Amino acid sequence: MELPTQTFRVTRADLVRYAGASGDFNPIHWSDRFATKVGLPGVIAHGMFTMALVGRAVTAWAGVPDAVVDFGARFTRPVVVPDDDQGTEIEVAAVVKEVTEDGLTRLDVTATCLGEKVLSQARATIRTPR
Amino acid sequence: MSLDPSFVGRTYPPTAPYQVGREKIREFAAAIGATDPAHHDPEAARALGHPDVVAPPTFPVVVTMAASRQIIEDPALGVDYSRVVHGDQRFAYTRPVVAGDELVCVNTIEEISNRGGHGFLTTRTDVRNAAGEPVVAVWSKIVVRGEA
């Protein structure tokens, strides 16, 4: 079963806010000068910010904010966030892989930016929505 | 630079307790756009059976990233932080983090490998409350990129 795709817009302001809230002040997430110096195309989103957005999507599918039992992902491709008002967009989709008898649902999640997968092996286990 | 595989299995001393504040959870939830009332309103959280506001699923990284400095800054291991990128992340929850938790982290190095000039380091952080009860186990893999 496929779950409805959710889309999240990501701007530079979001990255600054996330840096402050998470304590991750790595300059690749706010300085183009630094990001390009280390070989990136520009400022990129924190992998954990992308994962947090996926967490929102999973939580929304679960229907309650405390249903996530297990959540993991591999960061495969950077999410480049241009310095403009539009920023970029991350699309999050999922399929239900398994519903267990003990009340858990396993999801395989896909997160894409500009048509490219930015996470791989993204999986979440949630308590099965009632 | 390669990472010394003999560090696999090493466990570091427990970190000083991290006090999970209600405002910190609200700030984190706002930063990721998580608007569910249980992240912001203690009454809404209590209605779900929690003692105070509930942290979003990836919130524990705030605590474990700070705790992992023990490993990243271990001079004997010698990780060059300027060359580190995040590879994998996983959380296995016993329960969600809630405001009022005092969290202690115990870091263990689970895996080290060196391939293609890059070093790969997987750590497990067992996050427990003040009573020593498990809250969440967190795995993080970092890649220390080799010199190009």
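Since the structure is predicted, the reported quantities are computational estimates derived from the model, not experimental observations. (Residues numbered from 1 in each chain as written. Chains lettered and ligands numbered in written order. Predicted model: local features only at pLDDT ≥ 70, side-chain atom pairs only at ≥ 80, totals over all residues. Heavy atoms only, no water.)

**Student:** Can you help me understand the UniProt feature "domain: MaoC-like" (unreviewed entry) in chain A in this one?
**Tutor:** Feature annotation in UniProt assigns "domain: MaoC-like" (unreviewed entry) to the following positions: residues 6–96 of chain A. Helix makes up 36% of residues 6–96 of chain A and strand 24%, whereas the separation of the span's terminal C-alpha atoms amounts to 15 Å. (UniProt positions renumbered as here; feature names shortened; annotations may be inferred. Helix = DSSP H or I, 4+ residues; strand = E, 2+ residues; numbered from the N terminus.)

**Student:** Can you help me understand the pattern of salt bridges in this one?
**Tutor:** Side chains that carry opposite charge are capable of pairing whenever their charged atoms lie near each other. What the rule picks out here adds up to 16 salt bridges over all chains. Between Asp14(A) and Arg17(A) there is a salt bridge, with the nearest N and O atoms lying 3.3 Å from each other. Of this pair, Asp14(A) and Arg17(A) both sit in helix α1 (residues 12–22), separated by 3 residues, roughly a single helical turn. Overall, the relative accessible area of 15% leaves Asp14(A) in the buried class. Salt bridges linked by common partners bring Glu110(B), Arg124(B) and Asp126(B) together as one network. (Salt bridge = Lys/Arg side-chain N within 4 Å of Asp/Glu carboxyl O. Buried < 20%, exposed > 50% of the residue type's maximum accessible area, 1.4 Å probe, protein only.)

**Student:** Where do I start with the packing of α1(A) against helix α1 (residues 22–31) of chain B in this structure?
**Tutor:** Contact pair α1(A) / α1(B): the axes reach a minimum separation of 9 Å and the direction vectors enclose 155°. It follows that α1(A) is roughly antiparallel to α1(B) by the angle criterion. As for the relative orientation of α1(A) and α1(B), their crossing is left-handed in sense. Residues Arg17(A), Tyr18(A), Gly20(A), Ala21(A) and Ser22(A) of α1(A) form the contact with α1(B), whose own contacting residues are Lys24(B), Glu27(B), Phe28(B) and Ala31(B). A class-by-class count of the residues in the contact of α1(A) with α1(B) yields 4 nonpolar, 2 polar and 3 charged. (Axes fitted to C-alpha atoms, helices over the stretch in contact; angles between N-to-C directions. Parallel < 35°, antiparallel > 145°, perpendicular 65-115°, else oblique. Left-handed = near helix turned anticlockwise from the far one by under 90°. Contact = heavy atoms within 4.5 Å. Nonpolar A, V, L, I, M, F, W, Y, C, P; charged D, E, K, R; others polar.)

**Student:** In this structure, what is going on with the layout of surface pockets? I would like to understand it.
**Tutor:** By rolling a water-sized probe across the atoms, one finds the places where empty space is left. Computed from the structure, the largest pocket encloses a volume of approximately 1100 Å³. Lining the largest pocket are 47 residues, and of these Asn26(A), Tyr81(B), Val84(B), Val85(B) and His86(B) lie nearest its centre. Where the lining of the largest pocket is concerned, the elements lending two or more residues are α1 and α3 (47–62) of chain A together with α3 (60–67), α4 (69–72), β2 (84–93), β4 (118–128) and β5 (134–144) of chain B. Looking at side-chain class alone, the lining of the largest pocket contains 26 nonpolar, 16 polar and 5 charged residues. The calculated volume of the second largest pocket comes to roughly 330 Å³. For the second largest pocket, the lining is made up of 19 residues, of which Gly72(A), Ala73(A), Gln121(A), Gln89(B) and Arg90(B) are closest to its centre. (1 Å grid on protein atoms, 1.4 Å probe; cavity = no way out; pocket = protein on both sides within 12 Å on 5 of 7 lines; lining within 4 Å. Points joined across faces, edges and corners; volume = space filled by probe spheres on them.)

**Student:** Looking at this model, I keep getting lost on empty space enclosed by the protein. Mind explaining?
**Tutor:** Per the stated rule, a full pass over the model turns up 1 cavity of 30 Å³ or more. By volume, the largest cavity amounts to about 90 Å³. Residues of the lining of the largest cavity, tallied by class, amount to 10 nonpolar, no polar and 1 charged.

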